[in-house]
Every structure is written in structure tokens, then in C-alpha cells.
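Given next are the chains, with one letter for each unit.
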Amino acid sequence: MLPARVDALALVHEFTASDSLRKHMLAVEAAMRAYAEKNAEDVERWGLAGLIHDFDYERYPNNAHSPTEEHPVEGVRILRGLGWPEDILDAILGHAQYSGVPRVSPMSRTLFAVDELTGLITATALVRPSRSVHEVEAKSVRKKMKDKAFARGVSREDVIQGAEALGVDLDEHIAVVIGAMQRSASALGLEGVATAT
């Protein structure tokens, strides 16, 4: 039985006070839905994996990168107790490099592939005068990737490895995720602001 999105969203709000972290989860949900649609997978199931993947991060940040404590292990324990499907839990565990959980399913490989990339796209949108994801293109994201000082917390290696694991060209991968985020721009706070001409 698949949990309802409204229940997943309630968990996100219960555990996460940070607006930017909530928006990150919504961005990953949008990207997961886009890839599920593109690959004829279960859109709701993949979307839920994206929406809930970091819900425990604020409460259990795991700065030590422990494979057995805190995020994402603690979140998975909570979700398992609530009866969440194992394939979603495996994808959540696998999105953290340090968990040691292999990404064997298309869902888990996709969650890993879009996670860091959504952060890079968000940062690229926010430095534009319009603050709009509608003005972001794959080439501008690629350019920002080369600037090590830009969005320093985003692992370029994970972005590159993620595209490789999906077997897609990096530019195509970035374009798919940008498109997904553009369709959810309002919820992500990336619709943009009017700029003076």
C-alpha cells in the first residue's frame, strides 16, 4: 500500500522547519516524477521517494556520515515503522554515498542522480537577477559546475556519477531536471521576480 502524498508532506513539515530544505525535497520530488514519466515507471511511487528522502535530515543531520546512525537510517526506521514500501526505503538509504547501500533499482539510481543536481539548479536560478528557474539552461548549470566556489556544498562528483549511472548524457540529465523544476517553479519559490529594465 502506497502512502498518501498528503501524509508524506505532513511528515516533511513535522520534521523539517527549514523552508529551503522543504523546497529541496519538493524539487527532488518533481525531478523523480519527471523521470518516472519519461521511463514509464510509477510516478506516484517515485515522487514519494523524492519528497520524503531528506525528511529526517534536519533532526538527524549525520555530520559524521555514519552508515548506521542518523540521516538517512533514522528516517528509514521511522518510515518502516509506518509501513512504507521497502523499495522506497532502499532508494532513500542508497541516496547517501556513505550508507553502503547499493543503488540497484532504477528508482534508487534516479534519486541519487537528481538529489545534488536540484541544489545546483536552484543555486543557479537564485543568482540570476530574476531569481527564476525559467531562465536557467543546461549550459549555464554546466558553467556554474566548473566554478568550485559556487554552491560549494553541492557534490559535482555525485552529479556526474548520477548521470553516468542512469546512462544519460549530462546535458540531457540537467535539462530533464530543469524542466521538472520549471513545472513546479511556484512551489519551489523559483517563479522569479520582476526585474527593472
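Just above, that's the structure.
Residues numbered from 1 in each chain as written. Predicted model: local features only at pLDDT ≥ 70, side-chain atom pairs only at ≥ 80, totals over all residues. Heavy atoms only, no water.

Draft legend 1. Quick peek at the overall build of the protein chain. Helix and strand counts for the protein chain come out as ten helices and zero strands. The C-alpha radius of gyration computed for the protein chain amounts to 16 Å, which stays within 12% of the reference 16 Å derived for 197 residues, consistent with globular compactness. By residue count, 47% of the 197 residues in the protein chain fall in the buried class. The long-range share in the protein chain, meaning contacts at least 24 apart out of those at least 6 apart in sequence, stands at 64%. For the protein chain, the computed accessible surface area is about 9500 Å², with 52% contributed by carbon and sulfur atoms. Side chains of the protein chain give 22 positive and 29 negative charges; the mean places of these two sets differ by 7 Å. (Helix = DSSP H or I, 4+ residues; strand = E, 2+ residues; numbered from the N terminus. Rg over C-alpha atoms; globule rule 2.2 N^0.38 Å. Buried < 20%, exposed > 50% of the residue type's maximum accessible area, 1.4 Å probe, protein only. Contact = heavy atoms within 4.5 Å. Areas by Shrake-Rupley, 256 points an atom, 1.4 Å probe, with all protein chains shown as cover. Lys, Arg positive; Asp, Glu negative; His and termini not counted. Charge placed at Lys NZ, Arg CZ, Asp CG, Glu CD.)

Draft legend 2. The arrangement of the pattern of salt bridges in detail. Here the structure, examined in full by the defined rule, presents eleven salt bridges. Close ionic contact of Glu29 with Arg5 constitutes a salt bridge, the shortest N to O distance being 2.7 Å. Here Glu29, found in helix 2 (residues 19-38), pairs with Arg5, found in helix 1 (residues 5-15); they are 24 residues apart in sequence, far enough to count as distant. By relative accessible area, Glu29 is classed as buried at 5%. Notably, a salt bridge pairs Lys23 with Asp19, separated by 2.8 Å at the nearest N-O pair. Of this pair, Lys23 and Asp19 both sit in helix 2, four residues apart, which is roughly one turn of the helix. With a relative accessible area of 26%, Lys23 lands in the partly exposed category. (Salt bridge = Lys/Arg side-chain N within 4 Å of Asp/Glu carboxyl O.)

Draft legend 3. Inspection of the packing of helix 4 (residues 73-81) against helix 5 (residues 86-94) at higher detail. Across the interface, helix 4 lies against helix 5 with an axial gap of 9 Å and an inter-helix angle of 170°. It follows that helix 4 is roughly antiparallel to helix 5 by the angle criterion. Residue-level contacts link Val73, Val76, Leu79 and Arg80 of helix 4 to Glu86, Leu89, Ile92 and Leu93 of helix 5. Within the contact of helix 4 with helix 5, the residues separate by chemical class into six nonpolar, no polar and two charged. (Axes fitted to C-alpha atoms, helices over the stretch in contact; angles between N-to-C directions. Parallel < 35°, antiparallel > 145°, perpendicular 65-115°, else oblique. Nonpolar A, V, L, I, M, F, W, Y, C, P; charged D, E, K, R; others polar.)

Draft legend 4. Spotlight on helix 8 (residues 156-166). Looking only at helix 8, the buried set comprises Arg156, Asp158, Val159, Gly162 and Ala163. The arc that holds every buried residue of helix 8, seen down its axis, measures 165°, which confines them to one face. Residues Glu157 and Glu164 are exposed on helix 8 and point more than 90 degrees away from its buried face. The inward-facing, buried residues of helix 8 abut helix 6 (106-126), helix 7 (138-146) and helix 9 (170-183). Just downstream of helix 8 lies Gly167, where phi reads positive at about 70°. (Arc of directions from axis to C-beta.)

Draft legend 5. Seen up close, the side chain of Ser108. By the element assignment, Ser108 lies in helix 6. Residue classification places Ser108 among the buried residues on the basis of a relative accessible area of 2%. Within the structure, Ser108 has its side chain in polar contact with the backbone oxygen of Ser105 (distance 2.9 Å). Once residues lying within four places of it in the same chain are set aside, the contact partners of Ser108 are Ala91 and Arg103. (Polar contact = N/O pair within 3.5 Å; in protein donor to acceptor, adjacent residues only side chain to side chain.)

Draft legend 6. Examining the packing of aromatic side chains more closely. Across all of its chains, the model carries one aromatic pair by this definition. For the ring pair Phe15 and Phe55, a centre distance of 4.9 Å and an interplane angle of 75° mean the geometry is edge-to-face. Pair noted here: Phe15 is in helix 1 and Phe55 is in the loop between helix 3 (43-52) and helix 4, with a separation of 40 residues, a long-range link. Residue Phe15 is classed as buried on the basis of its relative accessible area, which comes to 9%. Among the residues examined, Phe55 registers a relative accessible area of 1% and is labelled buried. Positioned above the aromatic ring of Phe15, the side-chain terminus of Arg59 is 3.9 Å from the ring centre. Seen from the ring of Phe112, Arg103 lies directly overhead, with NZ or CZ sitting 3.7 Å from the centre. (Phe/Tyr/Trp six-rings, centres within 6.5 Å; stacked < 30°, edge-to-face > 60°. Lys NZ or Arg CZ within 6 Å of the ring centre and 35° of its normal.)

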